[in-house]
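Coordinate analysis (summary)
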Amino acid sequence: MKIHARTERLLLRDWENSDLDDYALIITDPDVMKNIGEGKPRPRSDAEAFIKTVLEHQQTRGWTRFAVEHADSGQLMGFCGIDDKMGRYDFGWRYSKNFWGSGYGYEAAAAALWVCQNTFFLTHITSQSYLENAGSIRIIEKMGMVKIGEGTDFGRPLWVYGFKNEWPDGLR
Ligand SMILES: CC(C)(COP(=O)(O)OP(=O)(O)OC[C@H]1O[C@@H](n2cnc3c(N)ncnc32)[C@H](O)[C@@H]1OP(=O)(O)O)[C@@H](O)C(=O)NCCC(=O)NCCS
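What you see is a predicted model; the values in this text were computed from it and never measured. (Residues numbered from 1 in each chain as written. Predicted model: local features only at pLDDT ≥ 70, side-chain atom pairs only at ≥ 80, totals over all residues. Heavy atoms only, no water.)

Let's shift gears to the packing of helix H1 (residues 20-27) against helix H3 (residues 44-60). Relative to each other, H1 and H3 sit at 130 degrees, their axes nearing to 9 Å. Classified by the angle their axes make, H1 and H3 are oblique. Considering the relative orientation of H1 and H3, their crossing is right-handed. Side by side, H1 and H3 meet where Leu 20, Asp 21, Tyr 23, Ala 24 and Ile 27 of the first sit next to Arg 44, Asp 46, Ala 47, Glu 48, Phe 50 and Ile 51 of the second. A breakdown of the residues in the contact of H1 with H3 according to their chemical character gives seven nonpolar, no polar and four charged. (Axes fitted to C-alpha atoms, helices over the stretch in contact; angles between N-to-C directions. Helix = DSSP H or I, 4+ residues; strand = E, 2+ residues; numbered from the N terminus. Parallel < 35°, antiparallel > 145°, perpendicular 65-115°, else oblique. Left-handed = near helix turned anticlockwise from the far one by under 90°. Contact = heavy atoms within 4.5 Å. Nonpolar A, V, L, I, M, F, W, Y, C, P; charged D, E, K, R; others polar.)

Structure below.
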């Protein structure tokens, strides 16, 4: 199992089949999912499909949304990193509620960004958030991204962010 980064409190690592139960608990929690996509919890079958996809991506190209593990307890906290299913590099995160509010979100984001840029040489990374998701927007801003576009998803307004030097004319 490959470890992509270690921070003071976290491991960013490849996924394993044994992460399925913990990941299913995360996406079936309505509080976790309220600012993602449709804003509704998702069934366990989505967790199964997700694990299948990330296992494939880490095998074929090395990067995916990394599993984030709590170093002290060994617990899977959620994910952080890049997905490309929207046709661009979309950087995102999702954690179990137990871990919110302790700085883990930004700690993982900073480490995952470094790996994506310096190990996998990904550029033109974006991130997007519904306007109500203050925590996510704060992490995006702390990563140094600025607003480069806007849109809607499921009828909800969202902003898209990127690095100003890579998107001088905004998202096109
Ligand atoms: C959003 C999320 C990743 C934040 O994780 P976290 O570990 O609580 O974030 P951090 O503790 O690192 O906080 C980072 C910053 O955001 C702020 N913040 C976090 N949650 C916040 C909230 N609900 N409201 C306002 N600010 C918030 C923190 O105060 C901190 O700012 P500071 O450094 O200026 O003090 C987490 O709540 C989560 O997994 N949410 C559900 C999934 C989700 O919405 N994903 C994103 C979809 S776009």
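A few words on the nonpolar core. Judged by nonpolar contacts, the single largest core of 31 residues is most densely connected at Leu 12, Cys 80, Phe 91 and Trp 93. Those elements giving two or more residues to this core turn out to be strand S2 (10-13), strand S3 (65-70), strand S4 (76-83), strand S5 (89-95), helix H4 (104-118) and helix H5 (134-142). Residue contributions to this core peak at eight residues, all from H4. With near-sequence residues (within four places) excluded, Phe 91 lies in contact with Arg 65, Cys 80, Gly 81, Ile 82, Ala 109, Ala 112, Leu 113, Cys 116, Ile 125, Thr 126, Ser 127 and Met 143. Core analysis: the second largest hydrophobic core is formed by 16 residues, Ile 26, Val 32, Ala 67 and Phe 79 among them. (Core = buried A, V, L, I, M, F, W, Y, C linked by side-chain atoms within 4.5 Å. Buried < 20%, exposed > 50% of the residue type's maximum accessible area, 1.4 Å probe, protein only.)

For the rest of this paragraph, the subject is H4. Compared with an ideal rise of 1.5 Å per residue, which puts 15 residues at 21 Å, H4 spans 21 Å between its outermost C-alpha atoms and is within 8% of the ideal. Every buried residue of H4 is listed here: Tyr 104, Gly 105, Glu 107, Ala 108, Ala 109, Ala 111, Ala 112, Leu 113, Val 115 and Cys 116. (Expected span 1.5 Å × (residues − 1).)

Turning our attention to the site of the ligand. Around the ligand, 20 residues are found, and the nearest of them are Gly 101, Gly 103, Gly 105, Arg 138 and Lys 142. Taking Gly 105, its main chain carries an N or O atom lying 2.8 Å from an oxygen atom of the ligand. Burial of the ligand by the surrounding chains reaches 70%, relative to a free accessible area of 940 Å². Within the residue set of the shell around the ligand, elements represented by two or more residues are S5, H4 and H5. For the shell around the ligand, the element with the most residues is H5, which contributes six residues. (Near = heavy atom within 4 Å. Polar contact = N/O pair within 3.5 Å; in protein donor to acceptor, adjacent residues only side chain to side chain. Areas by Shrake-Rupley, 256 points an atom, 1.4 Å probe, with all protein chains shown as cover.)

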